[in-house]
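Below are the chains, spelled out letter by letter.
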Amino acid sequence: MNKPVAHSNLGAIDAAHHLHPFSDMKKLNADGTRIIHRAEGVNIWDQNGKKYLDAFAGLWCVNVGYGRNEIAEAAYRQMQELPYYNTFFGTTTPPTTLLAQKIASHTGPTLNRVFFTNSGSEASDTWFRMARVYWKVLGHETKTQVIARKNAYHGSTVAGASLGGMQWMHEQGNLPIPGIHHIGQPYWYAEGGDLSPEEFGLKVARELEAKIDELGEENVAAFVAEPIQGAGGVIIPPETYWPEISRICKARNILLVSDEVICGFGRLGSWFGHQHYGYEPDLAPIAKGLSSGYLPIGGVIVSDRVADVMIGELGDFYHGYTYSGHPVCAAAALENIRIIEEEGLVERVRDDIGPYFTEAWRSLADHEMVGEAVNVGLMGAVQITADKATRRRFEKPDDIGTLVRNQCVANGVILRATGDRMLASPPLVISRSEVDQTVETLRKGLDWLKDNRPEQ
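Residues numbered from 1 in each chain as written. Predicted model: local features only at pLDDT ≥ 70, side-chain atom pairs only at ≥ 80, totals over all residues. Heavy atoms only, no water.

A. Fine view of the sheet that holds strand β13 (residues 413-414). Pairing is mixed in the open sheet, where 4 strands are placed in the order β1-β2-β3-β13. If you trace the sheet from one side to the other, it starts and ends with β1 (36-40) and β13, each paired once. (Pairing = 2+ DSSP bridges. Helix = DSSP H or I, 4+ residues; strand = E, 2+ residues; numbered from the N terminus.)

B. The arrangement of the nonpolar core in detail. Leu99, Ile103, Leu290, Trp361, Val382, Leu442 and Leu446 are the most contacted members of the largest nonpolar core, which has 57 residues in total. Per-element tally for this core: the top contributor is helix α14 (residues 327-342), with 7 residues. Beyond its immediate chain neighbours, meaning those up to four positions away, Trp361 contacts Ala373, Val374, Asn375, Gly380, Ala381, Val382, Met422, Ala424, Val439 and Leu442. (Core = buried A, V, L, I, M, F, W, Y, C linked by side-chain atoms within 4.5 Å. Buried < 20%, exposed > 50% of the residue type's maximum accessible area, 1.4 Å probe, protein only. Contact = heavy atoms within 4.5 Å.)

C. Here's a closer look at the packing of helix α10 (residues 197-215) against helix α11 (residues 241-252). Interaxial distance between α10 and α11 falls to 8 Å at its minimum, and their mutual angle equals 20°. On the basis of the axis angle, α10 is roughly parallel to α11. Crossing angle aside, the handedness with which α10 passes α11 is right-handed. Residue-level inspection shows Gly201, Leu202, Val204, Ala205, Arg206, Leu208, Glu209, Ile212 and Asp213 of α10 in contact with α11, the latter providing Tyr241, Glu244, Ile245, Arg247, Ile248, Cys249 and Arg252. Looking at the contact of α10 with α11 residue by residue, the class counts come to 9 nonpolar, 1 polar and 6 charged. (Axes fitted to C-alpha atoms, helices over the stretch in contact; angles between N-to-C directions. Parallel < 35°, antiparallel > 145°, perpendicular 65-115°, else oblique. Left-handed = near helix turned anticlockwise from the far one by under 90°. Nonpolar A, V, L, I, M, F, W, Y, C, P; charged D, E, K, R; others polar.)

D. Unusual backbone geometry, seen in detail. With an omega dihedral of 0°, the bond running from Leu175 to Pro176 counts as a cis peptide bond. Secondary-structure assignment places Pro176 in the loop between α8 (167-170) and β6 (180-183). Here the phi dihedral of Trp60 falls at roughly 65°; this positive angle occurs in a residue that is not glycine. You can see Trp60 is positioned in helix α3 (residues 57-60). With relative accessibility at 2%, the residue Trp60 sits in the buried group. Unusually for a residue other than glycine, Lys288 sits at a positive phi of about 40°. Along the polypeptide, Lys288 turns up in the loop between β9 (283-286) and β10 (298-303).

E. Representation of the pairing of strand β3 (residues 51-54). Pairing analysis gives 3 bridges linking strand β2 (residues 43-46) to β3, with the strands arranged antiparallel. Within β3, the position partnered with Ile44 by the bridge is Tyr52. The turn joining β2 and β3, which pair antiparallel and follow one another in sequence, is formed by 4 residues; a positive phi near 85° is taken by Gly49. Sheet analysis places β3 next to β13, joined by 2 bridges and oriented parallel. Counterpart to Leu53 in the pairing with β13 is Val413.

F. Broad picture of the layout of surface pockets. Here the second largest pocket defines a volume of roughly 910 Å³. Around the second largest pocket sit 29 residues that line it, and Thr87, Val114, Phe115, Phe116 and Phe317 are the ones nearest its centre. At the level of elements, α5 (94-104), β4 (111-117) and α13 (304-314) are the ones that each hand at least two residues to the lining of the second largest pocket. When residues in the lining of the second largest pocket are grouped by element, the largest group, 5 residues, is from β4. For the lining of the second largest pocket, a count of residues per class yields 15 nonpolar, 13 polar and 1 charged. (1 Å grid on protein atoms, 1.4 Å probe; cavity = no way out; pocket = protein on both sides within 12 Å on 5 of 7 lines; lining within 4 Å. Points joined across faces, edges and corners; volume = space filled by probe spheres on them.)

G. Broad picture of the packing of aromatic side chains. Enumeration according to the criterion identifies 13 aromatic pairs in this entry. Relative to Tyr323, the ring of Tyr84 has its centre 5.9 Å away and its plane inclined at 75°; by these criteria the two rings are edge-to-face. Within this pair, whereas Tyr84 is found in the loop between α4 (69-81) and α5, its partner Tyr323 is found in the loop between α13 and α14, the two being separated by 239 residues in sequence. According to the relative accessible area criterion, Tyr84 is partly exposed, its value standing at 30%. The class of Tyr323 is partly exposed, set by a relative accessible area of 46%. (Phe/Tyr/Trp six-rings, centres within 6.5 Å; stacked < 30°, edge-to-face > 60°.)

H. Representation of the sheet that holds strand β11 (residues 370-376) within the structure. The strand order β11-β12-β15-β14 describes an open sheet built from 4 strands, whose pairing is antiparallel. If you trace the sheet from one side to the other, it starts and ends with β11 and β14 (416-418), each paired once. In this sheet, adjacent strand axes meet at a mean angle of 20° when their direction is disregarded. In this sheet, strand β15 (residues 421-424) lies alongside β14 in antiparallel orientation, the contact comprising 3 bridges. Bridged to Ala417 within β15 is Met422. The sheet strands contacting helix α16 (residues 353-362) are β11, β12 (379-384) and β15, and the helix crosses β11 at an angle near 175°. Seen against the sheet, helix α18 (residues 432-451) touches β11, β12 and β15 and runs at an angle of roughly 10° to β12.

I. The pairing of β15, seen in detail. Across the two faces of β15 the burial is the same, with Arg421 and Leu423 and Met422 and Ala424 all buried. Note that β12 and β15 share 4 bridges and pair antiparallel. Bridge assignment links Val382 to a residue of β15, and that residue is Met422. Taking the residues that link successive antiparallel strands as the turn, the β14-β15 hairpin has 2 residues, and the phi of Gly419 there is positive, at about 60°.

J. Fine view of the packing of α16 against α18. For the pair α16 and α18, the least separation of the axes is 10 Å and the interaxial angle reads 20°. Taken together, the axes of α16 and α18 are roughly parallel relative to one another. Note on packing geometry: the crossing formed by α16 with α18 is right-handed. Of the residues in α18, those in contact with Ile353, Tyr356, Phe357, Ala360 and Trp361 of α16 are Arg432, Val435, Asp436, Val439 and Leu442.

Encoded structure:
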């Protein structure tokens, strides 16, 4: 089962023909590509037969773990019956329709419809257009501006990358596109100064109200944010943040968009992140955990407030994709959700493995190199620091995180580094012993950094 990959020249073929996402191809080709050829449970194996514990669930997405034959079989059955049909021109397919119903059964009373896409990035483009169309139909043609957050990630399409607040992405392609504005993020550790987390949460939330005043309420369509910023470093907002954001959106009559691409489908111990924090969005992009990454599928959950206008007053909505609601992807997603339901994975994160992970992960806070160790459910971050007492950071945070990540990978555990924050997002089926292995390996990586720390 663990035999190396048969094609010994795959690395050379990859270097010659494959352009990777988010990669310096010159450096990657010089270093060589790690080829992953098998996976089971929470583990993956590379081309040399080396085993790794994937504590990042691919890219935040393999919620039910690898090797689920039930999902493969559901996709195979659907391929035999109906491998493809579109959802244009008044048609649908059984798994597409049933998947929309299944998603709505877990969202709450005011979120009852789904528009399907192929990815989270496309979901960002979709809700962005939908929000603007919604206000135009209601006669508010100037309500086109959208407010997002610095250091947020909403995908890498033109609209998605513009909505995201990562400057280094904006520098490629003359982004952001017009009509998108960014306010501060709720990153207390790095930006809170002398304020308490609670004070800082209110302060940064109220930047939204200030930006609305600057732009004019009559010009603002929506505010978008991840319940917890994922790719930005698992930035967990203070408890005061989301109640204030929700209050402002309601008071100022702008749509609240909750990007659930990472937080959705159980990762926080609730079906969706907005449920964990107790607010109600108007639109919610989804992907990743929807199919546990087994096949590409995403969507936008649409509130009754927005859907009633789109259905009752708009007419045609000139938007969609060839593969919107692809029947095979929908069948895989349905089986994935069945597994989550029947195995009680959301409840497991909330009541069992989540609390165990919390205790183990936060034990890293005692390490000399750690400023904070935080998590919600099975989503955690360890902030590396040059000085615990002052929260001083290393001069080159990207280099620091990469050094620790590489140590962890060498020791058989896949974690992610965002700057000087080490991130974990394991499959929801991870065992207690595998949580222990993850934390112990990260501690070893931090020990290595302590003994090899760069001069400041």
